[in-house]
Amino acid sequence: MEAMFERCAGLDVHQETVVACVLFGPLDKKPKTSIETFSTITTGLLALSDWLATLQVSDIVMESTGVYWKPIWNILEGSFHLVLANARHVKNVPGRKTDVKDAEWLAKLLRCGLIESNFVPPEDIRDLRDLTRYRKKLIHHRTSEQNRIHKILQDANIKLTSVLSDIFGVSGRRILEAILNGEKIETDGLRKMVDWRTKASITDMANAMNGRIRRHHRDMLRYHWEHMS
């Protein structure tokens, strides 16, 4: 295979250590090899960066192993051309595997230009992705808790969903909080809770709330309400 990079490195990444293999030398000759193991704490990664810079490495490849590649990428980004490889695409041949062999195998593939890099967005986009993913999960959890509240109300034969389009709107939240607090909701009190824009009549709402709620229902509602809030 024709070599394309004079000085490149392969990193075999683990939770606590990273094994680095550097291949360097003329493209038309067998490269020399230098292998070192570093800690993945920040001081160890800075030492890795200095060592790679000393050997004048230009290109580095590592596998996208869980989240362990991220701190290494953050330290080396900007100083080297980084390649993030799909583990399935760079799988080594069967046999006795070691960290050193894996790092050397990655370096050999990179030296010959045989690794296609996964797309890694800039740092600000990565941060934005983290925020949007977390927001999506929060919305999903909130929706799940709302669905559980729906089921408990049905179990207690409280038909708020039949008279209110959104039981988590202004009127619905006031009524739910009163139920959670164990208040006896009468017509006059219900009239104060309901927003003037609500289309359902007070009579229909009072009939819908004439259920069989037990302490167990209130406890379960409170758990989901607090988790949702």
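The shown structure was predicted, so the numbers you read here are calculated from the model rather than taken from an experiment. (Residues numbered from 1 in each chain as written. Predicted model: local features only at pLDDT ≥ 70, side-chain atom pairs only at ≥ 80, totals over all residues. Heavy atoms only, no water.)

## Re the overall build of the protein chain
- Tallying secondary structure elements over the protein chain gives 9 helices and 5 strands in all.
- In sequence order, the protein chain lays out its α and β elements as β-β-β-α-β-α-β-α-α-α-α-α-α-α.
- Computed over C-alpha atoms, the radius of gyration of the protein chain comes to 30 Å, more than 25% over the 17 Å expected from 2.2 N^0.38 for 229 residues, which places it beyond the range of a compact globule.
- Taking the principal axes of the C-alpha coordinates as reference, the protein chain spans close to 90 × 35 × 35 Å.
- Of all 229 residues assigned to the protein chain, the portion counted as buried reaches 38%.
- Within the protein chain, counting contacts between residues at least 6 apart in sequence, those at least 24 apart form 56% of the total.
- As presented, the protein chain carries roughly 14500 Å² of accessible surface, and 51% of it is formed by carbon and sulfur atoms. (Helix = DSSP H or I, 4+ residues; strand = E, 2+ residues; numbered from the N terminus. Rg over C-alpha atoms; globule rule 2.2 N^0.38 Å. Buried < 20%, exposed > 50% of the residue type's maximum accessible area, 1.4 Å probe, protein only. Contact = heavy atoms within 4.5 Å. Areas by Shrake-Rupley, 256 points an atom, 1.4 Å probe, with all protein chains shown as cover.)

## Side note on helix α1 (residues 42-54)
- Between the first and last C-alpha of α1 there are 18 Å, a value that for 13 residues agrees with the 18 Å anticipated at 1.5 Å per step.
- Within α1, the full set of buried residues consists of Gly-44, Leu-45, Leu-48, Ser-49, Trp-51 and Leu-52. End-on view of α1: buried residues confined to an arc of 165°, all on one side of the axis. Opposite the buried face of α1, by more than 90 degrees, sit the exposed residues Thr-43, Asp-50 and Thr-54. (Expected span 1.5 Å × (residues − 1). Arc of directions from axis to C-beta.)

## A short note on the confidence of the model for the protein chain
- Residues with a pLDDT of 70 or more make up 97% of the protein chain, whose mean pLDDT is 90.
- Confidence, expressed as mean pLDDT per element, reaches its minimum in the protein chain at helix α7 (residues 187-193) with 85 and its maximum at α1 with 97. (pLDDT = per-residue confidence, 0-100.)

## Some remarks on helix α4 (residues 123-155)
- Over its 33 residues, α4 runs 48 Å from end to end, which matches the ideal 48 Å to within 8%, given 1.5 Å per residue.
- Restricting attention to buried positions, one finds in α4 the residues Arg-126, Ser-144, Glu-145, Gln-146, Ile-149, Ile-152 and Leu-153.
- Where the residues of α4 are buried, they touch α2 (69-76), α6 (170-180) and α9 (215-228).
- The positive-phi residue at the C-terminal boundary of α4 is Asn-157, with phi of around 60°.

## Examining the pattern of salt bridges
- Summed over the entire model, instances satisfying the criterion amount to 7 salt bridges.
- For Arg-191, the salt bridge identified is with Asp-188, shortest N-O distance 3.3 Å. With a gap of 3 residues between them, Arg-191 and Asp-188 both fall in helix α7, about one helical turn apart.
- Exposure remark for Arg-191: the relative accessible area of 46% places this residue in the partly exposed category.
- The salt bridge involving Asp-195 is made with Arg-197; its shortest N-O contact spans 2.8 Å.
- Judged by its relative accessible area of 55%, Arg-197 falls in the exposed class. (Salt bridge = Lys/Arg side-chain N within 4 Å of Asp/Glu carboxyl O.)

## Structural notes on a nonpolar patch on the surface
- Taken together, the side chains of Ile-125, Leu-128 and Leu-131 present a nonpolar region at the surface, about 280 Å² in accessible area.
- Within the element layout of this structure, Leu-128 appears in helix α4.
- Classification of Leu-128 as partly exposed rests on a relative accessible area of 47%. (Patch = residues over 30% accessible without salt bridge, like charges linked within 9 Å, V, L, I, M, F, W, Y side chains within 5 Å.)

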